[in-house]
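# Coordinates in review
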Amino acid sequence: IIVGNVPPGEVVKALGPAQTALGREVNPVIYPPDEFRRRVRAGHHFVTRVMTAEKVFLIGDADELEKMAR
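Cut-offs applied
- Residues numbered from 1 in each chain as written.
- Predicted model: local features only at pLDDT ≥ 70, side-chain atom pairs only at ≥ 80, totals over all residues.
- Heavy atoms only, no water.
- Patch = residues over 30% accessible without salt bridge, like charges linked within 9 Å, V, L, I, M, F, W, Y side chains within 5 Å.
- Areas by Shrake-Rupley, 256 points an atom, 1.4 Å probe, with all protein chains shown as cover.
- Salt bridge = Lys/Arg side-chain N within 4 Å of Asp/Glu carboxyl O.
- Lys, Arg positive; Asp, Glu negative; His and termini not counted.
- Charge placed at Lys NZ, Arg CZ, Asp CG, Glu CD.
- Helix = DSSP H or I, 4+ residues; strand = E, 2+ residues; numbered from the N terminus.
- Buried < 20%, exposed > 50% of the residue type's maximum accessible area, 1.4 Å probe, protein only.
- Contact = heavy atoms within 4.5 Å.
- Polar contact = N/O pair within 3.5 Å; in protein donor to acceptor, adjacent residues only side chain to side chain.
- Core = buried A, V, L, I, M, F, W, Y, C linked by side-chain atoms within 4.5 Å.
- Axes fitted to C-alpha atoms, helices over the stretch in contact; angles between N-to-C directions.
- Parallel < 35°, antiparallel > 145°, perpendicular 65-115°, else oblique.
- Nonpolar A, V, L, I, M, F, W, Y, C, P; charged D, E, K, R; others polar.

## As for a negative patch on the surface
A cluster of like negative charges, contributed by D61, D63, E64 and E66, occupies part of the molecular surface. You can see E66 is positioned in helix α4 (residues 62–69).

Right, here's the structure in full:
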């Protein structure tokens, strides 16, 4: 999951090396910050699961994600 204002094409391009290393396709979910907050507040199943599950942060940290959710 990516929370930010980033064009999908840039994300796909950036994930290329990871897909090659993993030997499989990576399917990112991209939410602009406002949409992410709306989904958190609405209790959207996927976002709720992401918020409560163990995470590996590539950029940012748990505190930053919590702030974005508010």
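Structure shown, so let's carry the discussion forward.
## Some points on the environment of H44
Within the secondary structure, H44 sits in the loop between α2 (33–42) and α3 (45–52). Of the residues examined, H44 reaches a relative accessible area of 29% and is grouped as partly exposed. Once residues within four sequence positions are removed from consideration, H44 is found in contact with Y31 and R39. Only 2.9 Å separates the side chain of H44 from the side chain of R39, close enough to count as a polar contact.

## Some words on the nonpolar core
In a soluble, globular protein the nonpolar side chains are often hidden away together inside. Core analysis: the biggest nonpolar cluster contains 6 residues, these being Y31, F36, V47, M51, L65 and A69. Counting residues per element, the ones that place at least two in this core are α3 and α4. Setting aside chain neighbours within four positions, we find L65 in contact with V3, F36, M51, K55 and F57.

## Topic: the packing of α2 against α4
At a minimum axis distance of 8 Å, the contact between α2 and α4 shows a crossing angle of 80°. Between α2 and α4, the interaxial angle falls into the category roughly perpendicular. Within the contact between the two elements, α2 uses P33, F36, R37 and V40 and α4 uses L65, M68 and A69. Per-class residue counts for the contact of α2 with α4 are 6 nonpolar, no polar and 1 charged.

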